[in-house]
Amino acid sequence: MKLFSSVNDVANINALVKEALKLKQNPYANQDLGKNKTLALVFLNPSLRTRMSTQKAALNLGMNVMVLNIDKEGWALELRDGVIMDGSTVEHIREAAGVMGQYADIIGVRSFPGLRNREEDYSEMIFNKFVQFCKVPVVSLESATRHPLQSLADLITIEELKNVARPKVVLTWAPHIKPLPQAVPNSFAEWMCKADVDFTIAQPKGYELCADFTQGANIIYDQDEALTGADFIYVKNWSAYEPYGNILGKNEEWMLTNEKLKITNDAKVMHCLPVRRNLELSDEILDGPNSIVVHEAGNRVWAAQAVLKQMLESL
Amino acid sequence: MKLFSSVNDVANINALVKEALKLKQNPYANQDLGKNKTLALVFLNPSLRTRMSTQKAALNLGMNVMVLNIDKEGWALELRDGVIMDGSTVEHIREAAGVMGQYADIIGVRSFPGLRNREEDYSEMIFNKFVQFCKVPVVSLESATRHPLQSLADLITIEELKNVARPKVVLTWAPHIKPLPQAVPNSFAEWMCKADVDFTIAQPKGYELCADFTQGANIIYDQDEALTGADFIYVKNWSAYEPYGNILGKNEEWMLTNEKLKITNDAKVMHCLPVRRNLELSDEILDGPNSIVVHEAGNRVWAAQAVLKQMLESL
Amino acid sequence: MKLFSSVNDVANINALVKEALKLKQNPYANQDLGKNKTLALVFLNPSLRTRMSTQKAALNLGMNVMVLNIDKEGWALELRDGVIMDGSTVEHIREAAGVMGQYADIIGVRSFPGLRNREEDYSEMIFNKFVQFCKVPVVSLESATRHPLQSLADLITIEELKNVARPKVVLTWAPHIKPLPQAVPNSFAEWMCKADVDFTIAQPKGYELCADFTQGANIIYDQDEALTGADFIYVKNWSAYEPYGNILGKNEEWMLTNEKLKITNDAKVMHCLPVRRNLELSDEILDGPNSIVVHEAGNRVWAAQAVLKQMLESL
């Protein structure tokens, strides 16, 4: 594997999930593969889980890891082509990415969307330029429109904990006070649409995701109807795709509670984290027996390790 | 050892000091113990010595280390229970600590007091919640009321450099322009009260530490009287316990000078660092033959290594 | 080697270049040398290439690396002697450097000039105090007046890519909107003056570098004249040495273009990076066949590795 930016970069998602679960059983078996290989993790935005789980995955594989918070430890990058750089940007992404590719065998990049210009965000300009100019394999650590390591960890978690062959999985919109990217729900949707699950999206009217990511999903505007018989509930806020980046209303009644779980098949509750308690998801859910959010976060290691292993094998 | 938060977590402080001095002689003998084990160092506040010495200790033991400046590289944590997280905090400590425990075998946490609410600080809420929710062994990298790795390094240093079987050790208050936590003097006091030393605290009236930490110490308000015959002088500023977090006066005459050393037993001068020169401690002391502050800081490695070794042995 | 702060610390620059090129062919042959040895990289200023390439070099040698952004992860250092530290500085460089020397076998330090006080900058006070007080071998990661790892990488690049025995190398001033340090051109000049090259400096009047660094160089004020027949062009902006730190004019016509390359010997174009596109150097050059800036940045690894190897051998 030379690029891990979306589900479309994966030849066989079931095989990748199996590989991840195998690595979870035997994390240190492939350290010869990573010996003297370096992973650079480049953050244009904050990170906790992605930062730590991807480091851990690389260390498990025997790799060296260098972390760079480019915005804080370096400087502002210029992303536009052809401009006279007489403003606040100090280095063009062409040179920055090119140089990082000289120092790393694999690069991970995190770059959030601005949520102001949909066309720009959905072009994945920053991420794609990194890929283009660094000339080494690249793992997305969450880009403007996708968070594939999260989605792979989510699928691993569902595969690991499901009680039925083809579980009902519901992605349900949750309230928030700030406009959040669509990357996690986009990505979760496109992975679930390819996985062997019965996939439903529950959301208030107006929060339709870009249709490219939801082909094959049931989209339902009544949360109760969607949750009925659910085996897994994936809770997540996102801002509107149209008008782009907007919050359309408070919709506080969409917060998941134990009461709402009653109509489910004792559903396991997932969230990519960080989660705002009692706004997105209630204390009673997060502290109760149905929440698997911490376990799910733990699986981020095996998702990253499976991807890095395939990249190391292709070097 | 599953927790290192205070002297009370140590079964035998003399044995721990001996272990540390043995590791100093032979730092790399236990690398099988740390192989494929990961230490996460989580900083909610700045750090130089603790950051570097604990990394070094873990590397000496063959461990992997991940450093996280959660406030700068991540986001603000919510510490209170039951609140609706619609403000500036992005993630609850319950999830954050729980997730970190998925990625690390041992976690070190630094969290300073706010110095505004004594009850809150002295409840060690932040540190204790980390311990509770991460579910892996935790080392304090300085908490609201204690700095045990510093105190252990101090005791190692005294044991290493003492010329008499039971040295006289004087903790003397020093002037400062900012209100500082009581963590270092609290911690030093509780370790010295359990160590085989003659322990005195010299301070202006009003700077009495919380009595829980000073059981068995001589508390003297006349610095000269306290310093007489001292073998080790531990210089440190702290703010008042009552009224909490206050500076009660300039007390510039409390700064240690060579003149004051004359009445001591050629005392060695210690400080946890960072030290403000010519405010807390004079140039002439710091640059003179009696200062052992840099040597003392060097011993932070062996303190951390002894603690981490015992934790690794208990995994 | 115990110190790498300038070309004067190198016994034989040709031998060092050869060593670097040998390491480039065989990067992992010396890992026993670095085993259980720790490199601390201390940044008082931002860094991308130096940060990553020096880490990579140390990892190639089997070393452990600790990175410290002292200004962001620690606190402000006091540099002046004899002052009462009752202001914003928290720790004196005497203690900070001394302590770091307890935790590291080799220290790398980056400290830019203030560009306000020439005497202070050119005394290399900060860098020299680090060297004095840390008491372990020190590598400059760019100091107030020099950037020797960059210059060594530049010489390696010239040696590697030259088509004639004694190439013509031209350092040409380039426009910029901010006053930049003289460290890179100073350092490049003093290395080129000792290397087996025909060395010319092209610059507008008034931008003469301190003469200590340019002994043996041709200094020419007509860019065309200087570029004629050049094999390598080193593009770089710097502010005036007198009046110190000033920009003397826009001089936009000094930006290198393809048109200007015509009079050269199909010159290879170098820059230390970061470079501001279309201000310092045109897109057409950077994206064209003559630019070797990314390759040059890649050679930073072998420069650092050659220096660290010699330091490890001297421990």
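Note that this is a predicted model, so its numbers are computed, not measured.

Reading the values: rules and limits
Residues numbered from 1 in each chain as written. Chains lettered and ligands numbered in written order. Predicted model: local features only at pLDDT ≥ 70, side-chain atom pairs only at ≥ 80, totals over all residues. Heavy atoms only, no water. Buried < 20%, exposed > 50% of the residue type's maximum accessible area, 1.4 Å probe, protein only. Helix = DSSP H or I, 4+ residues; strand = E, 2+ residues; numbered from the N terminus. Pairing = 2+ DSSP bridges. UniProt positions renumbered as here; feature names shortened; annotations may be inferred. Domains from an automatic or database assignment. Contact = heavy atoms within 4.5 Å. Buried area = accessible area lost by both parts, 1.4 Å probe. Salt bridge = Lys/Arg side-chain N within 4 Å of Asp/Glu carboxyl O. Axes fitted to C-alpha atoms, helices over the stretch in contact; angles between N-to-C directions. Expected span 1.5 Å × (residues − 1). Polar contact = N/O pair within 3.5 Å; in protein donor to acceptor, adjacent residues only side chain to side chain. Nonpolar A, V, L, I, M, F, W, Y, C, P; charged D, E, K, R; others polar. 1 Å grid on protein atoms, 1.4 Å probe; cavity = no way out; pocket = protein on both sides within 12 Å on 5 of 7 lines; lining within 4 Å. Points joined across faces, edges and corners; volume = space filled by probe spheres on them. Least-squares fit on C-alpha atoms with pLDDT ≥ 70 in both. Core = buried A, V, L, I, M, F, W, Y, C linked by side-chain atoms within 4.5 Å.

## Looking at the pairing of strand β11 (residues 232-236) of chain B
All names here are of chain B. Counting buried positions over the 5 residues of β11 gives 5, a clear majority of the element. The two faces of β11 match: F232, Y234 and K236 on one face and I233 and V235 on the other face are all buried. Sheet analysis places strand β8 (residues 168-173) next to β11, joined by 5 bridges and oriented parallel. The partner of V169 across the bridge, within β11, is F232. Pairing geometry for β11 and strand β12 (residues 268-270), over 3 bridges, is parallel. Bridged to I233 within β12 is V269.

## Topic: the UniProt feature "domain: Aspartate/ornithine carbamoyltransferase carbamoyl-P binding" (unreviewed entry) in chain A
As annotated by UniProt and renumbered to match this structure, "domain: Aspartate/ornithine carbamoyltransferase carbamoyl-P binding" (unreviewed entry) occupies residues 9-160 of chain A. End C-alpha to end C-alpha, residues 9-160 of chain A measures 22 Å, and it is 47% helix and 16% strand.

## A closer look at the domain arrangement of chain A
Residue and element names in this part refer to chain A. Segmenting chain A into domains produces domain 1 (3-146 + 300-313) and domain 2 (150-297). Contact residues are listed per partner, giving 29 residues for domain 1 and 31 residues for domain 2. Carbon and sulfur atoms supply 65% of the area buried between domain 1 and domain 2, which totals about 2,500 Å² over both sides. Put simply, domain 1 and domain 2 have 3 salt bridges between them.

## Brief notes about the sheet that holds strand β9 (residues 198-202) of chain B
All names here are of chain B. One open sheet holds the 5 strands; their spatial order is β10-β9-β8-β11-β12, and the pairing between them is parallel. With partners counted over all chains shown, the strands left at the sheet margins are β10 (218-220) and β12, one partner each. Sheet twist, expressed as the average angle between the axes of neighbouring strands with direction ignored, equals 20°. Strand direction decides the pairing type here: β9 and β10, joined by 3 bridges, are parallel. Bridging from a neighbouring strand, T200 pairs with N218 of β10. The strands that helix α9 (residues 183-194) touches are β8, β9 and β11; relative to β9, the one it contacts most, it runs at about 155°.

## A short note on helix α14 (residues 300-313) of chain C
In a regular helix each residue adds 1.5 Å, so 14 residues correspond to 20 Å; α14(C) covers 20 Å between its end C-alpha atoms and thus fits that length. Within α14(C), burial applies to C:R300, C:V301, C:W302, C:A303, C:A304, C:Q305, C:A306, C:V307, C:L308, C:K309, C:M311 and C:L312.

## Notes on the interface of chain C and chain B
With 33 residues of chain C at the interface, the matching set in chain B holds 32 residues. It is C:E73, C:E95 and C:Y103 that lose the most area in chain C upon contact with chain B, and together they represent 24% of the buried surface on that side. Between the two partners, chain C and chain B, sit 5 salt bridges. A salt bridge links C:E95 to B:R277; the nearest nitrogen and oxygen atoms lie 2.7 Å apart. For the pair chain C and chain B, the interface holds 16 residue pairs in polar contact (both at pLDDT 80 or more). Within the residue set of the side of chain C that touches chain B, elements represented by two or more residues are β2 (38-43), β3 (64-69), α4 (70-73), β5 (91-92) and α5 (93-103) of chain C. When grouped by side-chain class, the residues that make up the side of chain C that touches chain B number 14 nonpolar, 11 polar and 8 charged.

## Section: empty space enclosed by the protein
Residue and element names in this part refer to chain B. Overall, the coordinates contain 1 cavity of 30 Å³ or more when judged by the stated rule. Estimates place the volume of the largest cavity at around 40 Å³. As for the largest cavity, its lining consists of W173, H176, P179, Y207, N237, W238, S239, N246, I247 and G249. Partitioned by chemical class, the residues of the lining of the largest cavity number 5 nonpolar, 5 polar and no charged.

## Some details on the relation of the copies chain A and chain B
Turning chain A through 120° and shifting it by 0.0 Å along the axis lays it on chain B, with an RMSD of 0.0 Å. Here the two chains are linked by the operation of a three-fold rotation axis. Closest approach to the rotation axis among the C-alpha atoms of chain A is made by A:K72, whose C-alpha sits 5.1 Å away. A low fraction, 3%, of the interface residues of chain A reappear at the interface in chain B, so the copies pair through non-equivalent surfaces.

## Things to note about the nonpolar core
The biggest cluster of nonpolar side chains holds 106 residues, and the ones touching the most others in it are A:M100, C:F4 and C:F199. Element by element, the count of residues in this core is highest for α14(C), at 9 residues.

## What to know about the layout of surface pockets
Counted as a void, the largest pocket has a volume near 1,600 Å³. Residues that form the lining of the largest pocket fall into these classes: 15 nonpolar, 18 polar and 12 charged.

## What to know about the interface of chain A and chain B
Counting residues at the interface gives 32 residues for chain A, matched by 33 residues for chain B. Buried area between chain A and chain B, both sides added, is near 2,800 Å², and the carbon and sulfur share of it is 59%. Of all residues in chain A, A:L48, A:M52 and A:R277 bury the most surface against chain B, accounting for 24% of the area lost on that side. Run the count over chain A and chain B and you get 16 residue pairs in polar contact (both at pLDDT 80 or more). Of all elements in the fold, only α3 (49-60), α12 (283-286), α13 (293-298) and α14 (300-313) of chain A reach the threshold of two or more residues within the side of chain A that touches chain B. With 7 residues, α3(A) is the largest single contributor of residues to the side of chain A that touches chain B. For the side of chain A that touches chain B, the residue count by class is 15 nonpolar, 8 polar and 9 charged.

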